[in-house]
Structure formats: C-alpha cells, structure tokens
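A closer look at the structure
Listed below, chain by chain, are the residues.
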Amino acid sequence: MMVSLKDIVPAAQNNINTQFILLDKGRTAMEGGQNKTCLALVADEKAAVHLQLWGDECDAFEAGDIIRLTNGIFSSTRSQLVLRAGKRGKIEKVGEFTMTFVETPNLSEIRWVPDPNNSNKYVQEAVISTHSRLFPPMP
Amino acid sequence: MVVSKLVKITSHEAENQLELSLRQAFEVLEPKLRPPFSLTIPNPQEYSQLNRAILYGVLSQPHLAKTHIKHLHAIVTDGYALFLSLLVNVVNELYSKLFDSAKNQLLWVTKEMIAVLGVGFDSLLVCLLRQIVGGDFSDWNLWLCFEMVNIFLDKWDCLLEEEPLVLTSALYSFLRLLADHCRLSSPDKLDSLKTMEIEFCVKMLREQFHLCLKVGRDLIRLLQDLAYVPKFRAIWKDLVLNPSEFSTARFCDISQLYRSRTSSRYFLLRITPEMETQLRFVLTHVKFGGQKRYQVWFAKKFLLLPERETLIVDIVRFICCAHHPSNEIIQSDIIPRWAVIGWLLKSCRKNYVEANVKLALFYDWLFFDERVDNIMNIEPAMLLMVCSIPRYIDMTHTLLEFLFLLVENYDVDHNDIIVKGVSSAFTILVQKGVVHSMNILTCCAALSPFLKDKLHRLLSGSNLGVSKESQTTHLRPCAISLSFPDISCLGTPTPSPER
C-alpha cells in the first residue's frame, strides 16, 4: 500500500511504499571508506523528509526526479533520522518534474519519542525545525 | 532484468509502460514474426498485439525490418491507423530515450508509412518535427533536422497532394530553425543542412504561397529574423513591393498576413512534448511563490546551453497563444502566466533574444482586432506591465518603451494598422476587466512622464479612430528604399557569414 510521507513513523521495519519528488541533493561522502552515501531532501504534497542514498543510488537521481520507494525504512542511522531503501528496499525513478510538494513539515526535523501507551510505536514530541536545516528553502 | 532493445534505461529507472507493452507483445509473438506467416485472420485483440510486436521488431531489428514491414502490409486492415498511432506514442513518449539504431529505424518506417499513405502519417510527421529542439546543435538533433527536411523535399509532390497542411507546419518549423542555424558562427557542419532548409522554405514561399498564408502573422515574425539571408531578402522585397509575384490571387498586401492570427498549433511545433508538459504543469499546479525550484529544473534541462536561449521566444509565444488558463485557475493562487513570462524575460542574456522575446510577447497587440483576436493572447503583457509597477517598475518601463518603439518603427507603411491594433488592445483589456482602468498606467506616479505622455496620445487617438498623424505616415510614398518590419534598432543579431 502506498502511504503519504506525512504518515510515516520511525520503525525498524522495511515496509514503507511511497512516492516523492527529489528537491535537493547533498555532497556524496564515503561511509566506512567503502560505500558512497549522500543525503537528499524529498517531499510530497503534504510533507518532506531526508532521504539517504547509497552506492550507485547517489548518482542515479537528481533534483526534479519523481521517485518510487518500495519496502523502504524510516529510522535513525548515525544519529540522523532518514528514509532509505535499505538492503531489502528499492528506489526507482518513475518520472520528472510534474509533482507538487511542500517543504514543511519535515519529518526528519521532528523529535520522536516512544508512545507512552504502546512502547513499540513512536509519536511526534516536538518540531525541531519547520524546514530542513540541511537544505534550506530557496529564497 | 530484461534488457530493452528500444530505449536506454539507466539503473534505478522504472520501466516505461509503452515500451513494456510493445516488448511483451514482441516476446510472445516472436515465433510468428518470420515467414511463412499465418494465413488466419487475427481477431481484434490479436491484431492489436501483432501491430505492437511488429513495431517493436521494426525498431529493434534493423536487419529484419523489411520482413516485419512486409508482414504488416499483409495483415493490415485499418489503413495502418493503429500502427501509426503507436508510432506517434513512441515519438512523443520515448524519442529522447531511443537507441540510435532505433531512431534510424523510426525514420525509415516513417518513410514507409508515407509511401503507403497510412492513416495519420501527417500527425507522425508533426510529432517528429516537435522533437527537433531549437538551439540544439548536437549531432542527433541536426541529424533529425536533416532527415525531416529530406523527407519534405523528397516526398514533396505526394505531401502536396495528400496532406498539404503538413508542409505548412514544416515551413514554420524550418523557418524558425533556420534563424538558429544561420546565426551560428561555425557553419561548416551545418552548410548542407542549411542549404536544404533554405531550399525547402523558398520552394514553399515561391511555389505554394497560398499554403504559407495559412500560418498567419507569425510568418512575418519568422521571416524578419531571416531578412539578412540573401534568398529571404529577395522574398522580403517581393512581399513588400511586388505582392503579385506570389502566384496567389488572394494576396495583395503584407497587411493581409498581419490581420490573420496564427493558430496555436504552430507554436506547439517549436515546443517538445516534454517542455509542454512541464510548462502546463507549472501553470496549472504550482502556487505563486512556490515556483522557484521548478524554474531552476526547467532552466537546467532546457535552457542551460547558451545557444538554447532563443527557445525562450518560442516558449513565450506558446504561453501567450497556446496555453489559456480557465477562469478557475485565473482566480486561484496558481502562478499566473505573466509571472512566468517575467522570469523568462529576466533569463535572457543576449539583447537580440530579449528584443525577440518582447516582440513575441507584444506581437498580437500590434494587429489586435476583436473580431479575429483573442484577449488571452495579449493579457500576459498587460498584467506583466501592471503587476511589475510596485516592485519592478524597470520592467514596466522596458516593456512600455518597447511597445512604443514597435508602434513607431515596426512597419511605418502600416503604421495605421499598428496604432489601431495597440489602442484596441488597451481598450479591450479595460473593457473586459483585465485591468480596471488605464489610470493604473496613465496616473502611475512611478512611471516616467515621457511614457505617460505617449500613452495619453495613443489612447486619445483610439477614440477618434485612426489619428491624423498615422494617416500622414501611411500616405508617405514608400519609394524610400526598402521598408519592412524592422527591429534591427532593438538589438543586433550576431553577424552571420551571409551578412
């Protein structure tokens, strides 16, 4: 089932199917000296989030690409809360340009805490920043 | 993963549904695609699949293409209508991704379809014309120009007989492309292509002028960009001085062209389907204020190379004349057309391009006639002038100055028409409520008194019909050398070898 970005919640599960447009891409870095990695800002009509690209994904996408994520995961890696395909997921380009988006809220800029009623779930505690601090909106 | 023999798919790119449907049909039917062909008559479903399979075969197997096409000839029952509609979809959706060999095959099969006069071959030619990108001097783009002009020259008699309007479309495209091709300073690799493009356009203008008339006033706009090319200069001379040269009884004066509005389908010819999709998306979905990223993406994709800048002229013509938003959109918070045009105008780096963009923006003003013209074509220029007053008065000044420059100099022999056109344009924009009153300009404190004065004079003339001043201009003997629409004063085109 396809979900909207605003409905994703941090979890250790590879079960997020969603579609978004890539707004901006950071510099590619080497992680652990072996794998390329890079962060990107992606968004749909209701929310934005940071996406982590791995290996050849880093060069395969650029700003303006509409991307479909299958079996993705939204979780913390190296203290950053990011959406990614992970080993079991897949991301592919399905189009270009023709998708509207918002840059706030950004789900990576929200502090999440375990749900007091259900410790397996996370809920939003506070907004750290309305917009991405890594990729500020264009003036 | 199955590899396509038709389109280049990069890693992490989803399959294209059209390509997939053709490939799957081909894979299923491949054993039946070689002789001896089945003699049984396919049912509609099988017929459709067979068409898809044969198309995939033709495009991906050059060595077997002749066999595939024979097969098609044997089974066809719909005048090739389905096959051609599939080809049109391939061109519109996949052209830029096709392998080089598939592009070659596409042009080959296009000629086959003309030879059998397949139903809709003219639409296929129009779609292919749209794939020629203005201001793109890459080898494959020039190859497509060459192939297309070759088709129009080679199949001239047949096209004239069967689908003469496709020749008119080709004329519009090649006149526009020639303006780019003649401007390039290193013309070696372009020489033979330019010769053929000129040959085709001159043949159209000299032999089939009644077809050229169908383009309407934008024919003049395009020709004026080529007036420095000797062969077109001669045509200009005749247009102005000897209209009877043009074997068309109907034509006696250039003003006939001025009075005929150009159909929007011509503007689409110089915009690729991809550009059209993106521009229409911005103008129907993107909120005013949220357009910045889209502008950056669009510019990066289509306008980045310096030679591409002339494309802005075509885009502005497209936005004014071929994209007319609904009232619902006009009243919404979606970015208006004038704002997109303001951005495009600001993106111009060369003076002559900027002048041509402004001319494109005001072109329908010059000859505006309520009976044939559409207020939506002139609305963006008015709103751009008015809405720029608070923060970008320079834009208002530049545009108004340019408009008066056109009124006074564009074609002094037809100054009466132009004065009337521009004042009618202002009048109807007020009448229909695009602006509430002309006071917004005539009483604008920030606007230069000089321009306000000119505006007053123009508008007072409009109430009296044709002003005295313009009558005298009209009656002036035109023996003075050669006078035709001249915008050379507004920006100098780059020198060309032919100059």
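So, how was this worked out
- Residues numbered from 1 in each chain as written.
- Chains lettered and ligands numbered in written order.
- Predicted model: local features only at pLDDT ≥ 70, side-chain atom pairs only at ≥ 80, totals over all residues.
- Domains from an automatic or database assignment.
- Contact = placed C-beta atoms within 7 Å.
- Nonpolar A, V, L, I, M, F, W, Y, C, P; charged D, E, K, R; others polar.
- Core = buried A, V, L, I, M, F, W, Y, C linked by C-beta atoms within 7 Å.
- Buried ≥ 20, exposed ≤ 12 C-beta atoms within 10 Å, placed from the backbone.
- Helix = DSSP H or I, 4+ residues; strand = E, 2+ residues; numbered from the N terminus.
- Axes fitted to C-alpha atoms, helices over the stretch in contact; angles between N-to-C directions.
- Parallel < 35°, antiparallel > 145°, perpendicular 65-115°, else oblique.
- Expected span 1.5 Å × (residues − 1).
- Arc of directions from axis to C-beta.

As named in an unreviewed UniProt entry, chain B is DUF2356 domain-containing protein, taken from Cephalotus follicularis.

1. Topic: the domain arrangement of chain B
All names here are of chain B. Taken domain by domain, chain B comprises domain 1 (17–264) and domain 2 (275–490). For domain 1 and domain 2, the distance between their C-alpha centres works out to 32 Å. Taken together, the contact pairs 17 residues of domain 1 with 22 residues of domain 2. Its residues assigned to classes, the side of domain 1 that touches domain 2 shows five nonpolar, five polar and seven charged.

2. Description of the nonpolar core
Residues and elements named next belong to chain B. Ranked by size, the top nonpolar core spans 135 residues in total, and within it Leu-171, Ile-312 and Val-316 carry the most contacts. At eleven residues, helix H9 (residues 164–183) tops the list of elements feeding residues into this core. Once residues lying within four places of it in the same chain are set aside, the contact partners of Ile-312 are Leu-303, Leu-344, Ser-347, Cys-348, Val-353 and Val-357.

3. As for the interface of chain B and chain A
Often, the extent of an interface is quoted as the loss of accessible area on bringing the components together. The interface is formed by 14 residues belonging to chain B together with 16 residues belonging to chain A. Mapped by element, the contributors of at least two residues to the side of chain B that touches chain A are helix H16 (273–285) and helix H17 (292–303) of chain B. For the side of chain B that touches chain A, the per-class residue count stands at five nonpolar, six polar and three charged.

4. Things to note about the packing of helix H4 (residues 81–94) of chain B against helix H6 (residues 121–131) of chain B
Residue and element names in this part refer to chain B. Running from amino to carboxyl end, H4 crosses H6 at an angle of 5°, the nearest separation of the two axes being 9 Å. By the angle between their axes, H4 is roughly parallel relative to H6. On the side of H4, the interface is formed by Leu-84, Leu-87, Val-88, Val-91 and Asn-92, while H6 contributes Phe-121, Ser-123, Leu-124, Cys-127, Leu-128 and Gln-131.

5. What to know about helix H23 (residues 393–409) of chain B
All names here are of chain B. Compared with an ideal rise of 1.5 Å per residue, which puts 17 residues at 24 Å, H23 spans 24 Å between its outermost C-alpha atoms and is within 8% of the ideal. All buried positions along H23 are accounted for by Thr-396, Leu-399, Leu-400, Phe-402, Leu-403, Leu-406 and Val-407. Projected down its long axis, H23 carries its buried residues within an arc of 160°, all on one side.

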